[in-house]
Amino acid sequence: MNRVYNFSAGPSMLPLEVLEKAASELVCYGESGMSVMEMSHRSPDYEAIINDAEKMLRELMNIPENYKVLFLQGGASTQFAAVPLNLIKRTGKADYVVSGQFSGKAFKEAQKLGYDVKCIATTKDDNFDHVPVVTKDMIRPDAAYVHVCFNNTIYGTKYGYIPETGDIPLVADMSSCIISEPIDVTKFGVIYAGAQKNMAPAGLTLVIVREDLLDYAEEKMPTMLEWKTMAENGSMYNTPPCYTIYMAKLVYEWILGMGGLEVMKQRNVEKAAVLYDYLDNQSYYIAPVKKDSRSMMNVTFVTGDADLDKKFASEAAKAGLKNLKGHRSVGGMRASIYNAMPKAGVEKLVEFMKAFAEANPKA
Ligand SMILES: *Cc1c(COP(=O)(O)O)cnc(C)c1O
């Protein structure tokens, strides 16, 4: 059976080379005589895997020594609660930017915990078609942190710059843009991401946290949510998501082998340009996102006719271009073109879009 081009927003495509490497050592890893899935997380073989994963990620993202790297479970959604529970005690209040559904959920979760949180900017009234501008004067000077979602997976928007928050730690949900391009980690207090968009299969959540921010956890903190405990135990307070961490390691290795995040970015810029250049030079499809907020990872477009949108997604699937239906909350189409999507997949999509437009004239 042939592999398709899978435009799913997550879980999403993994590099074929990574899948093949995993398959080649699925049953027997190295000299261990067993699969990575069957290994004790305390065994020397597994210790080497998790240590390499961290080392490679540090190299890839140029993560400074004063940041901890945590391999956790629970998805990015668990961090919506973990972030305030670990940080808000610093001053007792926090500011949020609501740029889409996930950042809205993060804000609501902190509210639900009864905290003094403030939405300092939102683009809700514009259907989230761009990311809100954040300037230092909008932030409460005694905020414990400012939370942003860096790439809005559902709407296809992203920050093209790092918001300036001065001394106030910036906390970013980077679930759908992590390791897609180089990023200056020192500009952030915390970066977190679910792995299943751009890094690995589902089951792993990455947290990168500056050391000085580990001292503000709530007293009645659930141990599993406490970053400090996880940091002190090398992400092994309990059983980590062993196999998913191994898969992430293979993905990091794959990117390092290609030349790192500069090379990855170049590839991603070229891929996104194929799609956006086409969208900008035709009139059949509408790309709702404002140009300065366009995501490099999730490209959204509509025909303007819900029935045609439906037909598009179903015919594309038949042509081997899967999962192009937009998120259930917004409709239309969304092409998620993460690291693992080759340029040929995007080119094939554009060819399909041209043919579909010609074959389905609008009334
Ligand atoms: C997918 C996604 C989430 C939710 O991630 P889970 O791992 O499913 O909890 C949160 N934020 C962003 C930006 C996402 O893309």
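Structural data are supplied above this passage.
In this text the structure is predicted, and so the values were computed from the model without any measurement.

(A) The sheet that holds strand E8 (residues 170–173), seen in detail. Taken together, the seven strands give an open sheet; going across it, the order is E2-E10-E9-E8-E5-E3-E4, and neighbouring strands pair in mixed fashion. Each of the sheet's edge strands pairs with one partner strand only, and the pair in question is strand E2 (67–72) and strand E4 (116–122). Averaged over all adjacent pairs, the angle separating strand axes in this sheet is 20°, with direction ignored. Here strand E5 (residues 146–149) pairs with E8 via four bridges, running parallel. Note that in E8 the partner of Val146 across the bridge is Leu170. Sheet strands touched by helix H2 (residues 44–61): E2 and strand E10 (205–210). Its angle to E2, the strand with the most contacts, is close to 130°. Each of strand E3 (93–98), E4, E5, E8 and strand E9 (190–194) touches helix H4 (residues 101–112); the most contacted strand, E3, lies at about 155° to it.

(B) The arrangement of a nonpolar patch on the surface in detail. Taken together, the side chains of Leu26, Val27 and Met37 define a hydrophobic patch exposed on the protein surface, amounting to about 300 Å² of accessible area. Its place among the elements puts Met37 in the loop between helix H1 (16–24) and H2. Taking the relative accessible area as the measure of exposure, Met37 reaches 53% and is therefore exposed.

(C) How the structure looks around the pairing of E4. In this sheet, E4 lies alongside E3 in parallel orientation, the contact comprising six bridges. Across the sheet, residue Asp95 finds its bridge partner in E4, namely Lys118.

(D) The site of the ligand, seen in detail. What surrounds the ligand is a group of 13 residues, the closest being Ser77, Thr153, Asp173, Gln196 and Lys197. Interatomic distance of 2.6 Å between a side-chain N/O atom of Ser77 and an oxygen atom of the ligand. Between Lys197 and the ligand, the recorded distance is 2.6 Å, taken from a side-chain N or O atom to an oxygen atom. Taken by itself the ligand offers 390 Å² of open surface, and the protein chains cover 87% of this. With four residues, the top contributor of residues to the shell around the ligand is helix H3 (residues 75–87). For the shell around the ligand, the class distribution of residues is four nonpolar, seven polar and two charged.

Parameters and conventions
- Residue indices follow the written sequence of each chain, beginning from 1 at its first position.
- Only residues with pLDDT of at least 70 are given local features in this predicted model, and only at 80 or more are side-chain atom pairs given and counted; all residues enter the totals for whole chains, interfaces and linings.
- Only hydrogens and water are set aside; all other atoms, that is, all heavy atoms of the structure, feed into the side-chain values.
- Two strands are counted as paired when DSSP detects at least two bridges linking them.
- In DSSP terms, a helix is any run of H or I states spanning at least four residues, a strand is any run of E spanning at least two, and both are numbered starting from the N terminus.
- For helices, the fitted axis covers only the stretch in contact; all axes are lines through C-alpha atoms, and the angles between them, taken along N-to-C directions, range from 0 to 180 degrees.
- In this description, contact between two residues means that some pair of their heavy atoms is separated by no more than 4.5 Å.
- Patch definition: residues above 30% relative accessible area lacking any salt bridge, with like charges linked at up to 9 Å and the nonpolar side chains Val, Leu, Ile, Met, Phe, Trp and Tyr linked at up to 5 Å.
- With residues, only the protein chains shown are counted as cover, and all accessible areas are computed by Shrake-Rupley using a 1.4 Å probe.
- We define a salt bridge as a side-chain nitrogen of Lys or Arg found within 4 Å of a carboxyl oxygen belonging to Asp or Glu.
- Only protein chains enter the area calculation, which uses a 1.4 Å probe; residues under 20% of their type maximum are buried, those over 50% are exposed, and those in between are partly exposed.
- A cutoff of 4 Å decides nearness: a residue is near a molecule or strand if any of its heavy atoms lies inside that distance of it.
- Identification of polar contacts relies on pairs of N or O atoms within 3.5 Å, with a donor-acceptor requirement for protein atoms, meaning one able to donate a hydrogen and the other able to accept it, and with residues adjacent in sequence counted only if both atoms are side-chain atoms.
- Here the term charged refers only to Asp, Glu, Lys and Arg, the term nonpolar to Ala, Val, Leu, Ile, Met, Phe, Trp, Tyr, Cys and Pro, and the term polar to all other amino acids, Gly among them.

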